[in-house]
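Topology and contacts: notes
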Amino acid sequence: MANRGPSYGLSREVQQKIDRQYDPELEQILVRWILGQCGGDVAQPEPGRDGFQQWLKDGTVLCRLINSLHPRGQGPVAKIQASAMAFKQMEQISQFLQAAERYGIAATDIFQTVDLWEGE
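Residues numbered from 1 in each chain as written. Predicted model: local features only at pLDDT ≥ 70, side-chain atom pairs only at ≥ 80, totals over all residues. Heavy atoms only, no water.

Labelled according to an unreviewed UniProt entry, the chain appears under the name TAGL2 protein, originating from Ramphastos sulfuratus.

1. A look at a nonpolar patch on the surface
Threshold: Patches in this entry comprise residues that are over 30% relatively accessible and not in a salt bridge; like charges within 9 Å are linked, as are nonpolar side chains (Val, Leu, Ile, Met, Phe, Trp, Tyr) within 5 Å. For accessible areas, the Shrake-Rupley method is used with a probe of radius 1.4 Å. Any residue's cover is judged against the shown protein chains and nothing else. Whenever a carboxyl oxygen of Asp or Glu lies within 4 Å of a side-chain nitrogen of Lys or Arg, that contact is scored as a salt bridge. Strands are runs of DSSP state E lasting at least two residues, helices are runs of H or I lasting at least four, and both sets are numbered from the N terminus onward.
A contiguous nonpolar surface patch, about 270 Å² in accessible area, is contributed by Leu10, Val14 and Ile18. Here Ile18 shows up in helix α1 (residues 9-21).

2. A short note on the packing of aromatic side chains
Quick reminder of the rule: Any pair of Phe, Tyr and Trp rings, taking the six-membered ring for Trp, is counted once the centres come within 6.5 Å. Such a pair is stacked with planes under 30 degrees apart, edge-to-face with planes over 60 apart, and tilted for the rest. Each residue gets one of three labels from its accessible area relative to the maximum for its type: buried under 20%, exposed over 50%, partly exposed in between, using a 1.4 Å probe on protein chains only.
Under the definition given, this model contains 2 aromatic pairs. Between Phe52 and Trp55, the aromatic rings sit 5.9 Å apart at their centres with planes inclined by 40°, giving tilted as the arrangement. Pair noted here: Phe52 and Trp55 are both in helix α3 (residues 49-57), with a separation of 3 residues, about one helical turn. In this structure, Phe52 and Trp55 share a single accessibility class: buried. Ring geometry for Phe96 and Phe111: centres 6.5 Å apart, planes at 20°, overall stacked.

3. Looking at helix α4 (residues 60-68)
This is how the line gets drawn: Between two residues, a contact is recorded if the distance between any of their heavy atoms is within 4.5 Å.
Across the 9 residues of α4, 7 count as buried, placing the element largely inside the fold. Every buried residue belonging to α4 is among Thr60, Val61, Leu62, Cys63, Leu65, Ile66 and Asn67, and all of these are buried. Tucked into the core, α4 has its buried residues touching α2 (24-38), α3, α5 (86-103) and α6 (113-118).

4. Considering the packing of α2 against α3
A pair of packed helices can be characterised by two numbers: the angle between their axes and the separation between those axes. Where we set the bar: Fitted lines through C-alpha atoms give the axes, limited to the stretch in contact for helices. The angle between two N-to-C directions lies from 0 to 180 degrees. Roughly parallel means an angle under 35 degrees; roughly antiparallel, over 145; roughly perpendicular, 65 to 115; everything else is oblique. By convention, the crossing between two helices is left-handed when the near helix turns anticlockwise from the far helix through less than a right angle, and right-handed when the turn is clockwise. Any residue outside Ala, Val, Leu, Ile, Met, Phe, Trp, Tyr, Cys, Pro, Asp, Glu, Lys and Arg is labelled polar, Gly included; the first ten of those are nonpolar and the last four are charged.
α3 packs onto α2 with a crossing angle of 30° between their chain directions and a minimal axis gap of 11 Å. Compared by their axis directions, α2 and α3 come out roughly parallel. As α2 runs across α3, the sense of the crossing is left-handed. Where α2 abuts α3, its residues Glu27, Leu30, Val31, Ile34 and Leu35 lie against Arg49, Phe52 and Trp55. For the contact of α2 with α3, a count of residues per class yields 6 nonpolar, no polar and 2 charged.

5. Looking at the side chain of Lys57
Operational definition: By the counting rule applied here, Lys and Arg register as positive and Asp and Glu as negative, while His and the ends of each chain are not counted.
Here Lys57 is to be found in helix α3. Among buried Asp, Glu, Lys and Arg side chains, Lys57 stands out as unpaired, with Glu118 the closest opposite charge at 9.1 Å.

6. Structural notes on the environment of Ile80
Tracing the sequence through the fold places Ile80 in the loop between α4 and α5. Taking the C-alpha atoms as reference, Ile80 lies 9.8 Å from Gln95; in sequence the two are 15 residues apart.

7. So, the side chain of Ser83
Heads up, the condition is: Here a polar contact means two N or O atoms within 3.5 Å. Within protein one must be a hydrogen donor candidate and the other an acceptor candidate, and residues neighboring in sequence count only if both atoms are side-chain atoms.
Take Ser83: it is sitting in the loop between α4 and α5. Owing to a relative accessible area of 16%, Ser83 belongs among the buried residues under this scheme. A polar atom in the side chain of Ser83 sits 3.1 Å from the backbone nitrogen of Met85. With near-sequence residues (within four places) excluded, Ser83 lies in contact with Asp58, Lys88 and Gln89.

If you want it as structure tokens, here you go:
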């Protein structure tokens, strides 16, 4: 997660509410669907919220997923590459989000790049 100290007051209450809403069973359903959709070239994440976030954080899995929803060779993300650089990872997440919106996902249902990257 992000490099922040402990939260207090309202911030803590909001974070606790978010934490209670996390569903490990839904995580496993999503992992199985993403792996099935993307094929064998995507590694499985570590179980748990942090593992799932780290799996998606660099944007490569998300870009492979959105490309898998289009005919072969016609995916909206032309270049997918793993990178340790934060701005490259955030750029790939942004490419996924733009492609998801073009695919038909409502803008109000899409998260912000920084939210995923920081694990919020």
